Amino acid sequence: MLDVAIVGGGPVGATVAALAAPAGLSVGVFEARAAPSGDGRTLALSHASRERLEEAGAWPAAGATPILSIHISQRGGPGRTLLEAREQGLPALGYTVPYASLEAALDARLRAAGVAVRYGAACTALTLEPEAARITLSGGEDVAARLAVIADGGTSASRIPGIAFAEKDYGQHAVVGAVRVDRPHGGRAYERFTPEGPLALLPVEDRYALVWTAAPAKAAELAALGEAAFLAALQEAFGDRAGRFTRIAARATFPLKLRTINTPVALRTAIVGNAAQALHPIAGQGLNLGLRDASALADLLRAADPPDIGSARMLDAYRAARRRDAARGIAFTDFLVGAFADGRRIPTWGRGLALAALDLFPPARRLLAERMIHGSPS
Ligand SMILES: Cc1cc2nc3c(=O)[nH]c(=O)nc-3n(C[C@H](O)[C@H](O)[C@H](O)COP(=O)(O)OP(=O)(O)OC[C@H]3O[C@@H](n4cnc5c(N)ncnc54)[C@H](O)[C@@H]3O)c2cc1C
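Just so you know, these numbers come straight off a predicted model, no measurement behind them.

## Some points on the packing of aromatic side chains
Okay, so step 1: Going through the model one piece at a time under the given rule, you end up with five aromatic pairs.
Okay, so step 2: Taken together, the ring pairs connect Tyr-190, Tyr-208, Phe-238 and Phe-245 into an aromatic cluster.
Okay, so step 3: If you follow Arg-241 out to its NZ or CZ, it ends over the ring of Phe-238, 5.7 Å from the centre.
Okay, so step 4: The side chain of Arg-251 reaches across the aromatic face of Phe-230, ending 4.5 Å from its centre.

Right, here's the structure in full:
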């Protein structure tokens, strides 16, 4: 019997394992993929997430690009604001990290810590009993653990008794890609609100990662454009504040939804990361919130006596520790999507006023940066 069996070796599941294993617990990670995903997505991580990954021994220093400032503006309306690391007294507001670099750093850390990661081992069924959770793997093998941690990005939580999903379709898709510009980015990220949806450029290595949200038909049209036509459309939507766009590579589209569950715990089970909440990427909060789930759960695991692992008392403490931060992260992201993507809720001048107020009022700017960096106190 394992102390902890983690279903899903993505960034959140692997971080739980990396934080919990040094405490002498027996931890197994069961990952459906046969090999590293090579996912081309770029993640924006906060300063606090960097500290968490450093604690886990898995900060991918070589692949991380510091974000020194974030320029926020709206198309077709007044107002802009600039959040700067200097103003927060931090070396960086956050960092961008290619998903694949983070995956490689966590993988190396787990190997060094002697954690058993089983690739090609998809969980096909979960049986929950008072004394143990039983995970059935794709080959038919059963694994028992005091605690099952569901970190599968949201593919199976619906099958857990007592867990109900809620889904909100924003009616938007994200077009992502790697963009090159004719000048250095200087560590500046951009978030531009347009009537079709937000458009973000994140500095990563010597390029930008683009996240451009639009209605599904428009996103499909953008994804299918030739390179020159795509760059012209991007320049038109974004303007020239970052320079002239010269290349776009690795375009892909994702549907954007908010998916939440009624509670992150069930008998002998804790649910973390995207399996617990999958957010719109507008504020780059998804993985940051997931890493806070991982950290809170690992703190409880490290402090527990083995018989207490997976007990109702421990799971109640986990639920209480995450309730407020998760609810606020979800509400904050959902508010931003509504406020900036839907002109009927807040008119353009109202958004301009809010951005201008943020620009003129450093404490409000600090509060916004603080919330994005550290989340909400629990
Ligand atoms: C376009 C886009 C941009 C984003 N940008 C940002 C950003 O800038 N900042 C940020 O913080 N977040 C961002 N996110 C969100 C971020 O990608 C997720 O929050 C993060 O990947 C969640 O990590 P996870 O480990 O919970 O899940 P995942 O990354 O989904 O990993 C889940 C793992 O579980 C495995 N798995 C699935 N089913 C099973 C099974 N049955 N058995 C075993 N294993 C299984 C999968 O193979 C996978 O490896 C973005 C998301 C999108 C779509």
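## A word on the nonpolar core
Okay, so step 1: Counting 46 residues, the largest nonpolar core has Ile-6, Val-27, Leu-45, Leu-102, Leu-147, Leu-297 and Leu-301 as the members making the most contacts within it.
Okay, so step 2: Ignoring any residue separated from it by four or fewer positions in sequence, one finds Val-27 in contact with Leu-2, Val-4, Ile-6, Ala-17, Ala-20, Ala-21, Val-115 and Ala-116.

## What about the pairing of strand 2 (residues 27–31)?
Okay, so step 1: Burial analysis of strand 2 places five of its five residues in the buried class, which makes it a mostly covered element.
Okay, so step 2: The alternating pattern of strand 2 places Val-27, Val-29 and Glu-31 on one face and Gly-28 and Phe-30 on the opposite face, and all of these are buried.
Okay, so step 3: With four bridges joining them, strand 1 (residues 2–7) and strand 2 adopt parallel strand pairing. The residue bridging Val-7 from the neighbouring strand is Phe-30, located in strand 2.
Okay, so step 4: Both strand 2 and strand 8 (residues 116–119) contribute to a ladder of four bridges, which runs parallel.

## A word on the pairing of strand 7 (residues 94–98)
Okay, so step 1: Across the five residues that make up strand 7, a large majority, five, are buried.
Okay, so step 2: On strand 7, burial covers both faces: Gly-94, Thr-96 and Pro-98 on one face and Tyr-95 and Val-97 on the other are all buried.
Okay, so step 3: One ladder, built from five bridges, connects strand 3 (residues 42–46) with strand 7; its direction is antiparallel. Within strand 7, the residue paired with Thr-42 across the bridge is Pro-98.
Okay, so step 4: Inspection of the sheet shows strand 4 (residues 65–67) paired to strand 7 by three bridges, in the antiparallel sense. Within strand 7, the position partnered with Ile-67 by the bridge is Gly-94.

## A closer look at helix 4 (residues 99–112)
Okay, so step 1: Taking 1.5 Å of rise per residue, 14 residues should cover 20 Å, and helix 4 covers 20 Å from first to last C-alpha, within 8% of that figure.
Okay, so step 2: Looking at the buried side of helix 4, the elements it contacts are helix 1 (11–20), strand 3, helix 2 (47–55), strand 7, strand 8 and helix 7 (286–303).
Okay, so step 3: Gly-114 sits one or two positions beyond helix 4 and adopts a positive phi of about 70 degrees.

## A word on the sheet that holds strand 15 (residues 207–214)
Okay, so step 1: Taking strand neighbours across the sheet as the criterion, the eight strands line up as 6-5-13-14-15-12-16-19 in an open arrangement whose pairing is mixed. The open sheet has two edge strands with one neighbour each: strand 6 (80–84) and strand 19 (277–278).
Okay, so step 2: The pairing of strand 13 (residues 188–194) with strand 14 (residues 197–204) spans five bridges and is antiparallel. Pairing of Tyr-190 across the sheet is with Leu-201, part of strand 14.
Okay, so step 3: Helix 6 (residues 227–238) contacts strand 12 (165–181), strand 13, strand 14, strand 15 and strand 16 (245–261) of the sheet and is inclined by roughly 65 degrees relative to strand 16.

## Things to note about the pattern of salt bridges
Okay, so step 1: Within this structure, the stated rule accounts for 21 salt bridges.
Okay, so step 2: Here Asp-107 makes a salt bridge to Arg-111, at a shortest N to O gap of 3.0 Å. In this pair, Asp-107 and Arg-111 both sit in helix 4, four residues apart, roughly one turn of the helix.
Okay, so step 3: Here Asp-107 falls in the buried class, since its relative accessible area comes to 17%.
Okay, so step 4: When its relative accessible area of 61% is taken as the criterion, Arg-111 is described as exposed.
Okay, so step 5: Its salt-bridge partner being Arg-322, residue Asp-325 comes within 2.8 Å of it at the nearest N-O pair. Pair noted here: Asp-325 and Arg-322 are both in helix 8 (residues 312–341), with a separation of three residues, about one helical turn. Each member of the pair, Asp-325 as well as Arg-322, carries the same accessibility label: buried.
Okay, so step 6: When salt bridges that share partners are traced, they join Arg-180, Glu-205, Asp-206 and Arg-207 into one network.

About the thresholds
Residues numbered from 1 in each chain as written. Predicted model: local features only at pLDDT ≥ 70, side-chain atom pairs only at ≥ 80, totals over all residues. Heavy atoms only, no water. Phe/Tyr/Trp six-rings, centres within 6.5 Å; stacked < 30°, edge-to-face > 60°. Lys NZ or Arg CZ within 6 Å of the ring centre and 35° of its normal. Core = buried A, V, L, I, M, F, W, Y, C linked by side-chain atoms within 4.5 Å. Buried < 20%, exposed > 50% of the residue type's maximum accessible area, 1.4 Å probe, protein only. Contact = heavy atoms within 4.5 Å. Helix = DSSP H or I, 4+ residues; strand = E, 2+ residues; numbered from the N terminus. Pairing = 2+ DSSP bridges. Expected span 1.5 Å × (residues − 1). Axes fitted to C-alpha atoms, helices over the stretch in contact; angles between N-to-C directions. Salt bridge = Lys/Arg side-chain N within 4 Å of Asp/Glu carboxyl O.

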